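# Observations on the model geometry
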Amino acid sequence: MRYLVFSDIHGNLEALEAVLKDVSRKRIDRCIFLGDLVGYGASPNEVIQKVISLKHLSMVRGNHDKAVCGLESIQTFNPVAAAAIQWTGKALNKKHLQLLAGLTKSPLVIHKQITICHGAPFDEDYYIFGEFDAVEAFNYFDTPICFFGHTHFPFIYMEMDETVEGTFIQGNHLEIKLEKGARYLINPGSIGQPRDRDPRAAYAIYDSEQRKIKFYRVEYDFKEAQRKILEADLPSTLAERLSLGI
Ligand code: ZN
């Protein structure tokens, strides 16, 4: 089985379309989305529509998805994120707001081999940033693999013989063979707002037969995404950061 693993689109239609075009040339059996369809970008309705039309999709909600439909207070967000959440709440149609409100909370076991979550398996809003966090997270799922998002950094943590080792994934086409007897926490990076100083949209493909995960980066028309953000009167920093990947 080949899984498309993607996360954190944040209303960036141009980035999502570029990834789906890239993926259309590859064999994909199932899709796994790790949360944050919306927030920051100017095309929330279009992004939701595209994602829910994917076949064989498993997904969980992100913190922005939750806040936009009123399930979480915007007090916990910085002012720029809070402004984008308020803008998105007004821009979304009723059907899509209801859809966000009905999304599944993490963690979710989708297969005997795979758990998925937005932040961490013990708290959907927690950021796994480093091996200390990863050690804790490995205690909260039983499958060999847990996919997570939220940090917007492509990353893989391996737990073997009671030690945990993290690897930051840089560049395009990096493939990692998963070892038998090891467990993994894997973040595919962010489609719509990468923060690792590489502005290209990030995603991964997991091949369960070959036990391989491959990380991809795709260039997209970020100028168009920026133009829409400015035109929508969203905070201009949300446009600026897309060209820098921060
Ligand atoms: Zn996010």
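No experiment lies behind these values; they were computed from the predicted model shown.

### Overview of the pairing of strand 4 (residues 108-111)
Pairing geometry for strand 4 and strand 5 (residues 114-116), over three bridges, is antiparallel. Directly across from Val109, in strand 5, lies its bridge partner Thr115. Linking strand 4 to strand 5, which pair antiparallel, is a turn of two residues.

### Re helix 1 (residues 13-24)
With twelve residues, helix 1 should cover 16 Å at 1.5 Å per step; its first-to-last C-alpha distance of 16 Å lies within 8% of that length. Taken together, the buried positions of helix 1 are Leu13, Glu14, Ala15, Leu16, Ala18, Val19, Leu20, Asp22 and Val23. Looking at the buried residues of helix 1, the elements they touch are strand 1 (2-6), helix 2 (44-52), strand 11 (201-207), strand 12 (212-218) and helix 7 (222-231).

### Topic: the pattern of salt bridges
The full count for this structure, using the stated rule, is 17 salt bridges. Between Asp22 and Arg25 there is a salt bridge; the shortest N-O distance is 3.3 Å. Judged by its relative accessible area of 63%, Arg25 is exposed. The network of salt bridges with shared partners includes Arg61, Lys66, Glu72, Glu124 and Asp125.

What counts and how
Residues numbered from 1 in each chain as written. Predicted model: local features only at pLDDT ≥ 70, side-chain atom pairs only at ≥ 80, totals over all residues. Heavy atoms only, no water. Pairing = 2+ DSSP bridges. Helix = DSSP H or I, 4+ residues; strand = E, 2+ residues; numbered from the N terminus. Expected span 1.5 Å × (residues − 1). Buried < 20%, exposed > 50% of the residue type's maximum accessible area, 1.4 Å probe, protein only. Contact = heavy atoms within 4.5 Å. Salt bridge = Lys/Arg side-chain N within 4 Å of Asp/Glu carboxyl O.

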